[in-house]
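Here's the letter readout for the chains.
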Amino acid sequence: MPNNERLPHEKMRFQLVLRRRGISDQAVLRAMEGIPRELFVEASDRVYAYRDTALGIPCGQTISQPFVVAYMTEQLRLDPRHRALEIGTGSGYQAAILSRLCHEVVTLERFKTLAETARRRLAATGCDNVEVVLGDGFDVPANLGTFDRIMVTAAMEEIPKALLERLEPGGILIAPVGPHNDGQVLVRVRRGEEGYDSENLVAVRFVPALPGLAREL
Ligand code: SAH
């Protein structure tokens, strides 16, 4: 594909940008190098796949900026034994990155089209430890069990207690918290033996988390 000729150079610069912006976890950098972001963006955006920007995807949603994906992944401190939950599959890209760093990923999406496309892309990129579930992150199906790590990739006005309860003791959840359509802060919550500890990391901007399955496709 003629449009993709410049991608090797762009991919090299992509790694440099992530390092320069402070990503230092080698496993995270390797995962970012190994997953072809161009397969998770719209065909018309492939030439921009290795720019450090968010891009539009169907259903009015976005694939996050690569730096934010790398940063959130690094802050989640994944271990190869972990079982992780993502809320907000979108393109499937973040789930693909998580899948390279832990044992198993379950990712929930409220739009059927997005869930189906992501499922296909994850299969095509060999991410066979990811389960894409059509569902609502405000009401995570009980049969999915509990998780060592939870990453929310849509902004929540507050983190539901029911979601925190899905964390294993010692578990970590990371989520953008704040008003819809305005800036939010990335919050990291750890579940201790006795309760939860929460810390604010950085300012971010995400599309809103909305309750229930989407009525459109
Ligand atoms: N992580 C994605 C980007 C997420 S955009 C990626 O790597 O591409 C946020 C996604 O969260 C959107 O696809 C949106 O439909 C989804 N979402 C919003 N509210 C949700 C909810 N309650 N449950 C599940 N998914 C939700």
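This report concerns the structure included in the present document. (Residues numbered from 1 in each chain as written. Predicted model: local features only at pLDDT ≥ 70, side-chain atom pairs only at ≥ 80, totals over all residues. Heavy atoms only, no water.)

## Focus: the site of the ligand
This is how it is decided: Any residue with a non-hydrogen atom lying within 4 Å of a molecule or strand is treated as near it. Here a polar contact means two N or O atoms within 3.5 Å. Within protein one must be a hydrogen donor candidate and the other an acceptor candidate, and residues neighboring in sequence count only if both atoms are side-chain atoms. Reported accessibility uses the Shrake-Rupley method at a 1.4 Å probe radius. Residues are deemed covered only where the shown protein chains occlude them. Strands are runs of DSSP state E lasting at least two residues, helices are runs of H or I lasting at least four, and both sets are numbered from the N terminus onward. Residues are sorted three ways: Asp, Glu, Lys and Arg are charged, Ala, Val, Leu, Ile, Met, Phe, Trp, Tyr, Cys and Pro are nonpolar, and all the rest, Gly among them, are polar.
In the vicinity of the ligand there are 26 residues, among which Ser91, Glu109, Asp136, Gly137 and Leu210 approach most closely. Contacts to the ligand include glutamine 94, whose backbone N or O atom sits 3.0 Å from an oxygen atom. One of the side-chain nitrogen or oxygen atoms of threonine 153 is found 3.1 Å away from a nitrogen atom of the ligand. When the ligand sits alone it has 580 Å² of accessible area, and the protein chains cover 99% of it. When residues of the shell around the ligand are traced back to their parent elements, those giving at least two are strand 2 (61-63), helix 4 (93-99) and strand 4 (104-109). Among the elements that line the shell around the ligand, the one with the most residues is strand 2, at 3 residues. Here the shell around the ligand is composed, by residue class, of 11 nonpolar, 11 polar and 4 charged.

## Regarding the environment of histidine 103
Rules: Whether two residues touch is decided by their heavy atoms; if any such pair falls within 4.5 Å, the residues are in contact.
Mapped onto the fold, histidine 103 is located in the loop between helix 4 and strand 4. Along the chain, histidine 103 and asparagine 129 lie 26 residues apart, while their C-alpha atoms are 7.0 Å from each other. When near neighbours in sequence (up to four residues on either side) are disregarded, histidine 103 contacts Asp79, Pro80, Arg81, His82 and Asn129.

## Remarks on the pairing of strand 5 (residues 130-134)
Heads up, the condition is: Pairs of strands are assigned from DSSP output, requiring at least two bridges between the strands. The path from the first strand over the helix to the second decides the hand: if it runs clockwise while the strands point away from the viewer, the crossover is right-handed.
Pairing between strand 4 and strand 5: 5 bridges, direction parallel. The partner of valine 105 across the bridge, within strand 5, is valine 130. Note on the crossover from strand 4 through helix 5 (residues 112-124) to strand 5: the handedness is right-handed.

## Things to note about unusual backbone geometry
Where we set the bar: Buried means the residue's accessible area, taken with a 1.4 Å probe over protein chains only, is under 20% of the maximum for its type, while exposed means over 50%, and partly exposed covers the values in between.
Despite not being glycine, cysteine 59 has its phi angle at roughly 65°, a positive value. Tracing the chain through its elements places cysteine 59 in the loop between strand 1 (55-57) and strand 2. Here arginine 77, not a glycine, exhibits a phi torsion of approximately 50°, which is positive. Relative to the assigned elements, arginine 77 resides in the loop between helix 3 (66-76) and strand 3 (83-87). Residue classification places arginine 77 among the partly exposed residues on the basis of a relative accessible area of 44%.

## Concerning helix 5
Test applied: A helix is expected to span 1.5 Å for every residue after the first. This arc describes the spread of directions from the helix axis toward the C-beta atoms.
For helix 5, built from 13 residues, the straight-helix expectation of 18 Å at 1.5 Å per residue is met to within 8% by its first-to-last C-alpha distance of 19 Å. For helix 5, every residue scored as buried is listed here: Leu114, Ala115, Ala118, Arg121 and Leu122. Taken end-on, helix 5 shows its buried residues confined to a sector of 135°, consistent with a single buried face. Exposed and facing more than 90 degrees away from the buried side of helix 5 are Arg120, Ala123 and Ala124. The inward-facing, buried residues of helix 5 contact strand 1, strand 2, helix 4, strand 4 and strand 5. Directly after helix 5, the chain includes glycine 126, whose backbone phi takes a positive value near 75°.

## What about the sheet that holds strand 4?
As a reminder, the rule being used: Think of each axis as a best-fit line through the C-alpha atoms, taken over the contacting stretch in the case of a helix, with angles from 0 to 180 degrees between the N-to-C directions.
What the 7 strands build is an open sheet, ordered 5-4-3-6-7-8-9; its pairing is mixed. A single partner strand is all that each edge strand has here, and the edge strands are strand 5 and strand 9 (196-204). Direction aside, neighbouring strands of the sheet carry axes that sit 15° apart on average. Taken strand by strand, helix 3 contacts strand 6 (147-152), strand 7 (167-177), strand 8 (184-191) and strand 9, and its axis lies near 155° from that of strand 6. On top of the sheet, helix 5 reaches strand 4 and strand 5; it is set at about 165° to strand 5, its chief contact.

## Considering the packing of aromatic side chains
To keep things clear, this is the line we draw: Centres within 6.5 Å make a pair out of two Phe, Tyr or Trp rings, where for Trp the six-membered ring is used; the pair is then stacked when the planes are under 30 degrees apart, edge-to-face when over 60, and tilted otherwise. In this analysis the charged atom, NZ for Lys or CZ for Arg, is taken to sit over a ring once it is within 6 Å of the ring centre and within 35 degrees of the ring normal.
Summed over all chains, the structure comprises 3 aromatic pairs. For the pair phenylalanine 67 and tyrosine 71, a centre-to-centre distance of 5.9 Å together with 35° between the ring planes defines the contact as tilted. Taken together, the residues phenylalanine 67 and tyrosine 71, both in helix 3 and 4 residues apart, mark about one turn of the helix. For the pair phenylalanine 67 and tyrosine 71, one class covers both residues: buried. The lysine or arginine in question, arginine 21, covers the ring of phenylalanine 67, its NZ or CZ lying 3.9 Å from the ring centre. Seen from the ring of tyrosine 93, arginine 37 lies directly overhead, with NZ or CZ sitting 5.7 Å from the centre.

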